[in-house]
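Survey of secondary and tertiary structure
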Amino acid sequence: MPDLSGMRFSQSHEWVKTDGDSATVGITEYAQSQLGDVIYLELPNVGQTLEQGGKLGVIESVKAASDLYNPVAGQVSEVNQELKEHPEYVNQDPYGKGWIIKLAGVKDNSALFDAKAYDAFVQGQSGS
Amino acid sequence: MVVTAERTPLYEEHLRLGAQMTNFSGWVMPLQYSSIREEHRAVREAVGLFDLSHMGELRLTDDVLAQRVVSRDLGKLRPGRAQYAMLCNADGGIVDDVLVYAMADGSHLLVVNAGNQDSDFDWIRSHGDGAVLNVGRDWALLGVQGPHAVGLVQRLADQDVSALRYYAFAEGKVAGVTGIISRTGYTGEDGFEIFCANRDASRLWRTMLEEGRDDGIRPAGLGARDTLRLEAGLRLYGNDMDAATNPLEAGLDWTLSLDREFIGRDAILRARDKGLTRILVGLRMLDRSIPRHGYPVVNDGERIGVVTSGNVSFTLGYNIAMAYVPPTLADPGARVGVDVRGTAVPAEVVALPFYKRPHPK
């Protein structure tokens, strides 16, 4: 199990890991297990400015197309190009090589869950 | 009101295997056990095991009634053979698509879609007297599909089932369980569908999984069933056709014996003479966007049709769809667009099926 202690999580099941004012964003283990086999991602362009909670892109699994939401405001500095050929990385390693975008100019992520609070949130969702 | 989804006799087996369950046509069914991609691959390369017990079975003992409701001439169907056919309404619309089995006692067994079994039963009864029985809930149905399926079933069978031709069936035993062993399927692969009594279903299911281990068997859910049937160009009732679609539009002319009377025949002939306005085609997507049921098909900015099924093709490595388009754009090689979230994604009309197994029997 990867170390999630430095990560923050959104209610829409994205994770964010900040390093100074830059951040890496992906979807959580719970999200990938709910989606099933990921086959395509529609992602923003480098340089695009994204609002917190705004639409980040679309993730498609065999089952359905789902919107991705941006957990923290910033400017897209990198998009995981590997996912074009290997969208299954999102399933295999959602916190590692399945990362989705990197953001620059990130300030505040205090509105997000920490790992423990996110875990409790997921327990509440899946138990209902 | 709480509507409870029906369970097949294999429900507990699916839970034991950790399946993700879903509601399909009023039945709670396994969507996937591990991964749709892996289950799909197992069927193409080894063997997959499906629970199809949600499917309906209707037994018709009146030959005249059977001939009236089924689109193909059953007089030509010999005992021990099955064929794919339509049930049509008086307007020529498709009530259901079915497999018709000619039984040794002269009766016909119709295998019908899960969600239609009760409405089909009522509809057939409205055209005849009491000569139809709804036996779907008494029977389980297991699909064993893939290149290793025949070898596996043969090892467990009490007779030479490998000699059965495609769309032929025999009554006999598999793993000591009495049933109907049918060389049919909905995946594009060789294999069998085995009907048995509900009480025997778990035993047959477990034996298959155990005995098939060296064959690379995997339980496969409805997710893989859908991606497999799409590659094989097999229509799904409710997605690719319904009561407002006639069989000519759905590209199913070959399931019609139009030289004889059956319900819907006159309307179908009229539609043919008038000329069709739409026809079901295969589409190959020319970029990576995924086409989905309900997405518009466009040409020069105009909406000209609609996608009825679409997904990735794991076997072919590109994305595919079935869609209705006007006959002028229905020939292989024609270019159209699929409206994916507001963008017209280029697609090429291709012949169906998308996938054919290498050495069909």
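Refer to the structure printed above.
A short note on the overall build of chain A
- When you go through chain A residue by residue, the secondary structure sums to four helices and nine strands.
- From first element to last, N terminus to C terminus, chain A shows the α and β order β-β-β-α-β-β-β-β-β-α-α-β-α.
- For a compact globule of 128 residues, the expected C-alpha radius of gyration is about 14 Å, and chain A comes in at 14 Å, within 12% of that figure.
- If one aligns the C-alpha atoms of chain A with their principal axes, the spans along those axes are about 35 × 35 × 25 Å.
- Taking all 128 residues of chain A together, 37% fall into the buried category.
- In chain A, 61% of the contacts between residues at least 6 apart in sequence involve partners at least 24 apart.

Considering helix α6 (residues 201-211) of chain B
- Within α6 of chain B, the full set of buried residues consists of Ala201, Leu204, Trp205 and Met208 of chain B. Down the axis of α6 of chain B, the buried side of the element spans an arc of 100°, and every buried residue falls inside it.

Description of the interface of chain B and chain A
- Each partner contributes residues to the interface: chain B has 13 residues there, and chain A has nine residues.
- Of all the secondary-structure elements, those providing two or more residues to the side of chain B that touches chain A are α2 (36-45), α7 (222-231) and β17 (302-313) of chain B.
- Looking at side-chain class alone, the side of chain B that touches chain A contains three nonpolar, six polar and four charged residues.

A short note on the sheet that holds strand β2 (residues 20-24) of chain B
Residues and elements named next belong to chain B.
- Strand order in the open sheet formed by three strands is β1-β3-β2, with mixed pairing between adjacent strands. Every other strand in the sheet has two partners, leaving β1 (6-7) and β2 as the edge strands with one partner each.
- Running over the sheet, α7 touches β2 and β3 (27-32) and is turned about 70° from β3.

What to know about the environment of Asp62 of chain B
Residues and elements named next belong to chain B.
- Position of Asp62 among the secondary structure elements: in the loop between β5 (56-60) and α3 (63-69).
- In sequence terms Asp62 and Gly128 are 66 residues apart; their C-alpha atoms lie 8.6 Å from each other.
- Dropping the residues within four chain positions of it, Asp62 is found in contact with Gly128 and Ala131.

As for the sheet that holds strand β15 (residues 279-285) of chain B
Residues and elements named next belong to chain B.
- Spatially, six strands are ordered β15-β18-β17-β16-β19-β20 in a closed barrel, and the strand pairing comes out antiparallel. Adjacent strand axes in the sheet meet at a mean angle of 45°, parallel and antiparallel pairs treated alike.
- Judged from the four bridges that link them, β15 and strand β20 (residues 343-350) form a sheet pairing that is antiparallel. Looking at the pairing, Gly282 lines up with Val350 of β20.
- Lying on the sheet, α7 is in contact with β17 and β18 (318-325); it crosses β17 at an angle near 120°.

A word on α7 of chain B
All names here are of chain B.
- The buried count for α7 comes to nine of 10 residues, which makes it a mostly enclosed element.
- All of the buried residues along α7 are Leu222, Gly223, Ala224, Arg225, Asp226, Thr227, Leu228, Leu230 and Glu231.
- Against the buried residues of α7 lie β2, β3, α2, β4 (47-51), β17 and β18.
- Gly233, located one to two residues past α7, shows a positive phi value of around 70°.

What counts and what doesn't
- Residues numbered from 1 in each chain as written.
- Chains lettered and ligands numbered in written order.
- Predicted model: local features only at pLDDT ≥ 70, side-chain atom pairs only at ≥ 80, totals over all residues.
- Helix = DSSP H or I, 4+ residues; strand = E, 2+ residues; numbered from the N terminus.
- Rg over C-alpha atoms; globule rule 2.2 N^0.38 Å.
- Buried ≥ 20, exposed ≤ 12 C-beta atoms within 10 Å, placed from the backbone.
- Contact = placed C-beta atoms within 7 Å.
- Arc of directions from axis to C-beta.
- Nonpolar A, V, L, I, M, F, W, Y, C, P; charged D, E, K, R; others polar.
- Pairing = 2+ DSSP bridges.
- Axes fitted to C-alpha atoms, helices over the stretch in contact; angles between N-to-C directions.

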